[in-house]
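What the coordinates show
The chain contents come next:
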Amino acid sequence: MRKSINAPPSKAKPQRTCVTCRQVKTKHELVRLVRTADGSVEIDISGKKNGRGAYLCRLRECWETALKSGRLEHSLSTAIDREHRELLVKSAEELFSDA
Ligand SMILES: [Zn+2]
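Now for a quick tour of the structure. (Residues numbered from 1 in each chain as written. Predicted model: local features only at pLDDT ≥ 70, side-chain atom pairs only at ≥ 80, totals over all residues. Heavy atoms only, no water.)

The sheet contact formed by strand β3 (residues 30–35) and strand β4 (residues 41–44) spans four bridges and is antiparallel. Looking across to β4, one finds that Arg-35 is bridged to Val-41. Between β3 and β4, which pair antiparallel in sequence order, lie five residues; one of them, Gly-39, sits at a positive phi of approximately 90°. (Pairing = 2+ DSSP bridges. Helix = DSSP H or I, 4+ residues; strand = E, 2+ residues; numbered from the N terminus.)

Shown next, in the form of structure tokens:
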């Protein structure tokens, strides 16, 4: 039996841009952050959560800059309070040390 599905000539890997350094990387190299329904921001390891998303490198500098400069907030159109920012950086550190 022949399949009549039109396959694309090359399988393009989904690529995303880091909010801080603007480097384009594959989704695998970045960590997704998602704005939840209540307006808070969570790290989305699965990359499948619903909501507005932003991507950051697996680098502490990128996270700190994104949070300090307000780039992440801008990108997600939300406000992140200081406590929550610190929590996100901490969670990120745990995430990276695990990798
Ligand atoms: Zn970056």
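Having seen the model, we can carry on.
Let us look at the coordination of the zinc ion. Bound to the zinc ion on the protein side are Cys-18 (SG), Cys-21 (SG), Cys-57 (SG) and Cys-62 (SG), at distances that span 2.3 Å. Coordination at the zinc ion is tetrahedral: its four donor atoms span angles of 102 to 116° at the metal. All donors of the zinc ion belong to a single chain; written as a sequence motif, their spacing is C-x2-C-x35-C-x4-C. The exposure class assigned to Cys-18 is buried, which follows from its relative accessible area of 0%. (Donors = N, O, S within 2.8 Å, 3.2 Å for Na, K, Ca; no water. Tetrahedral: all angles 85-135°; square planar, octahedral: opposite > 155°, others 65-115°. Buried < 20%, exposed > 50% of the residue type's maximum accessible area, 1.4 Å probe, protein only.)

Attention shifts here to the environment of Glu-42. Tracing the backbone shows Glu-42 in strand β4. The contact partners of Glu-42, leaving out residues within four places of it in the chain, are Arg-32, Leu-33, Val-34, Thr-36 and Lys-49. At a separation of 3.0 Å, a polar atom in the side chain of Glu-42 contacts the side chain of Lys-49. (Contact = heavy atoms within 4.5 Å. Polar contact = N/O pair within 3.5 Å; in protein donor to acceptor, adjacent residues only side chain to side chain.)

Here we take up the pattern of salt bridges. Counting across every chain of the model gives six salt bridges. With its nearest N and O atoms 3.0 Å apart, the salt bridge here joins Lys-49 to Glu-42. You can call Lys-49 partly exposed: its relative accessible area is 36%. You can call Glu-42 partly exposed: its relative accessible area is 34%. A salt bridge links Glu-64 to Arg-60; the shortest N-O distance between them is 2.5 Å. Here the residue Glu-64 and the residue Arg-60 both occupy positions in helix α1 (residues 60–68), the gap between them amounting to four residues, near one helical turn. Exposure remark for Glu-64: the relative accessible area of 24% places this residue in the partly exposed category. The partly exposed category is assigned to Arg-60, whose relative accessible area is 38%. Taken together, the shared-partner salt bridges connect Arg-60, Glu-64 and Glu-93 into one network. (Salt bridge = Lys/Arg side-chain N within 4 Å of Asp/Glu carboxyl O.)

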